[in-house]
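One letter stands for each residue in the lines below.
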Amino acid sequence: MKIIRCKDYEDMSKKAAALFFSQIHMKPDCVLGLATGSTPVGTYKQLIEWYEAGDLDFSKVKSVNLDEYVGLDGTNDQSYRYFMNENLFNHVNIDKANTNVPNGKAGNMDEEALRYEALIESLGGIDMQLLGIGNNGHIGFNEPSDAFDKITHEVKLTDSTIQANARFFESIDDVPKTAISMGIGTIMKAKKIVLIANGPKKADIIYETCFGPITPHVPASALQMHPDATIIVDEEAYATILAKRGE
Ligand code: PGA
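Residues numbered from 1 in each chain as written. Predicted model: local features only at pLDDT ≥ 70, side-chain atom pairs only at ≥ 80, totals over all residues. Heavy atoms only, no water.

1. Remarks on the pairing of strand E9 (residues 192–197)
Buried residues dominate E9, accounting for five of its six residues. Where strand E6 (residues 128–131) meets E9, four bridges bridge the pair, whose relative direction is parallel. Considered in E9, the bridge of Leu-131 is made with Leu-195. The sheet contact formed by E9 and strand E10 (residues 229–234) spans five bridges and is parallel. What sits directly across from Val-194, in E10, is Thr-230. This β-α-β element, E9 to helix H7 (residues 203–211) to E10, shows right-handed connectivity. (Buried < 20%, exposed > 50% of the residue type's maximum accessible area, 1.4 Å probe, protein only. Helix = DSSP H or I, 4+ residues; strand = E, 2+ residues; numbered from the N terminus. Pairing = 2+ DSSP bridges. Right-handed = clockwise from strand over helix to strand, strands pointing away.)

2. What about helix H3 (residues 80–87)?
For H3, every residue scored as buried is listed here: Tyr-80, Arg-81, Phe-83, Met-84 and Asn-85. On the buried face of H3, the contacting elements are strand E2 (31–34), helix H2 (41–52), strand E3 (62–65), strand E4 (67–69), strand E5 (99–100) and helix H5 (159–165). (Contact = heavy atoms within 4.5 Å.)

3. Considerations on the site of the ligand
Around the ligand, the neighbouring residues are Gly-37, Ser-38, Thr-39, Gly-132, Ile-133, Gly-134, His-138, Arg-167 and Lys-202. Contact distances for the ligand include 2.7 Å between an oxygen atom and a side-chain N or O atom of His-138. In the model, an oxygen atom of the ligand is placed 2.7 Å from a nitrogen or oxygen of the Lys-202 side chain. For the ligand, whose free accessible area comes to 280 Å², the fraction covered by protein is 83%. (Near = heavy atom within 4 Å. Polar contact = N/O pair within 3.5 Å; in protein donor to acceptor, adjacent residues only side chain to side chain. Areas by Shrake-Rupley, 256 points an atom, 1.4 Å probe, with all protein chains shown as cover.)

Keep in mind these numbers describe shape, not what the thing actually does.
Dropping the structure here:
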């Protein structure tokens with residue numbers, strides 16, 4: 001696990017985008033694993049800037065997103081499909097037919113989960129996966145629990161995640177209570193992983209993720225076992241590492 005310490009959010013976003021820039025240049029038809037949330041917005045903005053400057057071509061890129069709320073379709077402005085269209089896909093030359101988000105409106109979530117796993121396999125797996133991290137250590141919507149979830153599955157969101165996500169909705173009652181998410185096993189199969197985090201609220205969980213025990217109670221700690229995981233954090237998210245290691 002490599003940790004890259006950055007000055008601020010902008011610096012973190014640029015460095016993460018730079019890894020995706022080289023991934024796309026090295027393999028123009030790569031499969032990118034993408035994430036939603038407030039953390040990746042700056043990374044996507046930087047990729048859009050490079051695309052607009054003529055330095056990036058998404059025409060052969062394929063993508064798979066980590067998760068989606070159950071019950072929301074792509075026209076709902078809180079759905080993750082909508083987020084991806086607004087924050088990246090509508091602004092670059094990616095073919096929307098090559099972009100994939102789990103279907104939150106599928107009638108049978110177990111079947112949808114298996115379809116999504118098979119889809120990722122059929123694309124040849126994920127070349128580079130972008131991750132944010134929840135304050136409780138979740139990646140995708142893999143919430144803390146007694147066992148690592150292996151494959152894509154339906155998840156019941158924890159109260160802390162519902163509260164953290166309420167800021168995007170009119171009221172907390174509007175936040176969906178379940179989601180469909182790649183499993184930790186799905187994420188761990190990605191060839192390269194890039195996790196980004198910024199701000200003081202993430203400092204403790206970043207320390208736990210990088211130096212705590214590997215436990216499903218901190219789902220992101222599984223990344224310690226990944227052969228090519230890069231954690232990119234700003235000064236504030238690095239603060240607990242700094243304090244505990246006395247650097
Ligand atoms: P955030 O969410 O980027 O909005 O902090 C991250 C996550 O919950 O995975």
